[in-house]
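Each chain, letter by letter, is given below.
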Amino acid sequence: MQSAIKNVTVIGGGLMGSGIAQVSAQAGQNVILVDLSSDVLAKSQKSIGANLGRVAKKVYKDKPQEGEKFVAESMARIKTSTDPAEAAKSADLVVEAIVENMNVKHKLFSQLDAVAPNHTIFASNTSSLSINEICSVVKRKDRFGGLHFFNPVPVMRLLEVVRGAETSDATYKTMMEWGKAVGKTCITCKDTPGFVVNRLLVPYICEAIRLYERGDASARDIDTAMKLGAGYPMGPLELADYVGLDTNKFILDGWHKKYPDQPLFNPIPLLDKLVAEGKLGVKAGEGFYKYDKK
Ligand SMILES: CC(=O)CC(=O)SCCNC(=O)CCNC(=O)[C@H](O)C(C)(C)COP(=O)(O)OP(=O)(O)OC[C@H]1O[C@@H](n2cnc3c(N)ncnc32)[C@H](O)[C@@H]1OP(=O)(O)O
Ligand SMILES: NC(=O)C1=CN([C@@H]2O[C@H](COP(=O)(O)OP(=O)(O)OC[C@H]3O[C@@H](n4cnc5c(N)ncnc54)[C@H](O)[C@@H]3O)[C@@H](O)[C@H]2O)C=CC1
């Protein structure tokens, strides 16, 4: 599938941004990966190299030299930067994957809107915030939408393409084509809280945390139950650690503020406690479980 997009700027070099940069580069796109921290960028490049190696091992099983070439060429397509505005100047598409905070996203997009070329499409990878609200600060509302990937990006095959109230047909079509070009199956969703997957997944994870908090079952047993009893690849508490407990909390707090009468979105004292203690899950070395720090 051909895409009109050739140059992608991915802002946020964390868990999601590094995966989005990887799949874009793998698909032949020129990528600039941006983060405020050069340490994060160095870590991201390392993990992208390792993950491309896993892909190469699978795709070029009997042709190790071609596998090495694939890794080297994909890596060469990814440049890094700590300057979002400069990196947006050459972009056909900007995919934002920074912290799940409306004010921070507003600040970034208003800065980018002033410098990015006219044709550049802006997209947010937000898990839970409203696309219409995020794009309220830009003039190019017709060239703005949601591109919601799933963790781990190189493995999960879905991309939710979200149309805001003012997303044009042309922008929507380009986003769908780009999603296919980077190897994803795209579904379309309105700008509704959590889109499809998170509207179902987040309340499920939260109910599992409440079950554990009440002492109804151990963490291990809750996870085993959902893996063996419902066929999920990970249990809900393992998944919460994998997504990041801070991200889970950002989502829940945002929805609780917006929909205070919905009990599914009520704060969870145990989640708040773990986040306050810096136990953010896999990335921090501890959440519901302990992990080797990467
Ligand atoms: C919060 C939001 O807004 C939205 C979200 O993202 S919600 C979270 C959505 N994600 C999920 O639900 C993930 C559920 N978990 C899973 O699907 C699986 O446990 C998993 C894919 C993460 C790992 O699978 P696993 O079988 O336990 O581990 P593992 O054997 O290491 O990996 C499986 C395959 O994926 C590959 N893989 C795993 N992580 C990878 C990565 N980061 N990059 C490239 N390849 C990777 C492995 O190489 C392996 O490939 P083969 O089977 O072909 O050898
Ligand atoms: N963690 C997950 O499973 C998923 C998260 N998301 C969404 O993706 C976004 C990013 O999430 P993660 O990658 O998990 O977070 P993360 O914390 O791993 O990475 C965010 C990165 O953004 C950087 N950053 C913050 N402000 C910035 C700015 N103004 N300019 C440039 N870089 C900046 C930070 O330094 C950090 O490295 C969030 O909106 C989240 O809701 C979407 C799907 C899944």
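Everything numeric in this text was worked out from a predicted model, so none of it was measured. Note on numbering: residues in each chain are counted from 1, in written sequence order. Here chains are named by letter from A upward and ligands by number from 1 upward, in the order in which they appear as written. Restriction of local features to residues with pLDDT of at least 70 applies here, the model being predicted, together with a cutoff of 80 or more for giving and counting side-chain atom pairs; totals for whole chains, interfaces and linings are based on all residues. Just so you know, side-chain values use all the structure's heavy atoms and leave hydrogens and water out.

Draft legend 1. Examining the packing of aromatic side chains more closely. Each Phe, Tyr or Trp ring (for Trp, its six-membered ring) is paired with any other whose centre lies within 6.5 Å, and the angle between the two planes then decides the class: stacked below 30 degrees, edge-to-face above 60, tilted in between. Enumeration according to the criterion identifies nine aromatic pairs in this entry. On the basis of an interplanar angle of 85° and a centroid distance of 6.1 Å, the ring pair of F149 and W178 is categorised as edge-to-face. Remark: W178 occurs in helix α7 (residues 169–181) and F149 occurs in the loop between β6 (144–148) and β7 (158–163); sequence separation between them is 29 residues. The buried category is assigned to F149, whose relative accessible area is 2%. Think of it in three bands: residues with accessible area under 20% of the maximum for their type are buried, residues over 50% are exposed, and the middle band is partly exposed, with areas taken using a 1.4 Å probe on protein chains only. For W178, a relative accessible area of 0% translates into the label buried. Above the face of the F122 ring, R140 is positioned so that its terminal group lies 4.4 Å from the ring centre. Any Lys NZ or Arg CZ found within 6 Å of a ring centre and within 35 degrees of that ring's normal is scored as a charge over the ring. For the cation-ring pair, R163 lies above Y172, with the distance from its terminal atom to the ring centre recorded as 4.5 Å. In DSSP terms, a helix is any run of H or I states spanning at least four residues, a strand is any run of E spanning at least two, and both are numbered starting from the N terminus.

Draft legend 2. Focus on the site of ligand 2. Neighbouring residues are identified by heavy atoms, a residue being near a molecule or strand if any of them is within 4 Å of it. Neighbouring ligand 2 are 21 residues; M16, D35, E100, K105 and S127 lie closest to it. Polar contact is the term for a pair of N or O atoms within 3.5 Å; when the atoms are in protein, one must be able to donate a hydrogen and the other to accept it, and sequence-neighboring residues count only if both atoms are side-chain atoms. In this structure, I98 approaches ligand 2 through a main-chain N or O atom, which is 3.2 Å from an oxygen atom. Here S127 contributes a side-chain N or O atom positioned 2.7 Å from an oxygen atom of ligand 2. A total of 830 Å² of accessible area belongs to ligand 2 in isolation, and the protein chains cover 85% of it. All domain edges in this entry derive from an automatic or database-based domain assignment. Both domains that furnish three or more residues to the shell around ligand 2 are identified here as domain 1 (7–190) and domain 2 (199–284). Surface accessibility in these figures is a Shrake-Rupley result with a 1.4 Å probe; residues are shielded only by whichever protein chains are displayed.

Draft legend 3. Expanded view of the site of ligand 1. Around ligand 1 sit 18 residues, and of these K58, S127, H148, N151 and N198 come closest. Separating a nitrogen atom of ligand 1 from a backbone N or O atom of N151 is a distance of 2.8 Å. Compared with its free state, where it exposes 1100 Å², ligand 1 has 65% of that area covered by protein. Sorting the residues of the shell around ligand 1 by element identifies α2 (38–59), α8 (197–213) and α10 (236–243) as the ones contributing at least two each. Partitioned by chemical class, the residues of the shell around ligand 1 number 11 nonpolar, five polar and two charged. Of the residues that make up the shell around ligand 1, three or more belong to each of domain 1 (7–190) and domain 2 (199–284). Amino acid classes used here: Ala, Val, Leu, Ile, Met, Phe, Trp, Tyr, Cys and Pro are nonpolar; Asp, Glu, Lys and Arg are charged; the rest, including Gly, are polar.

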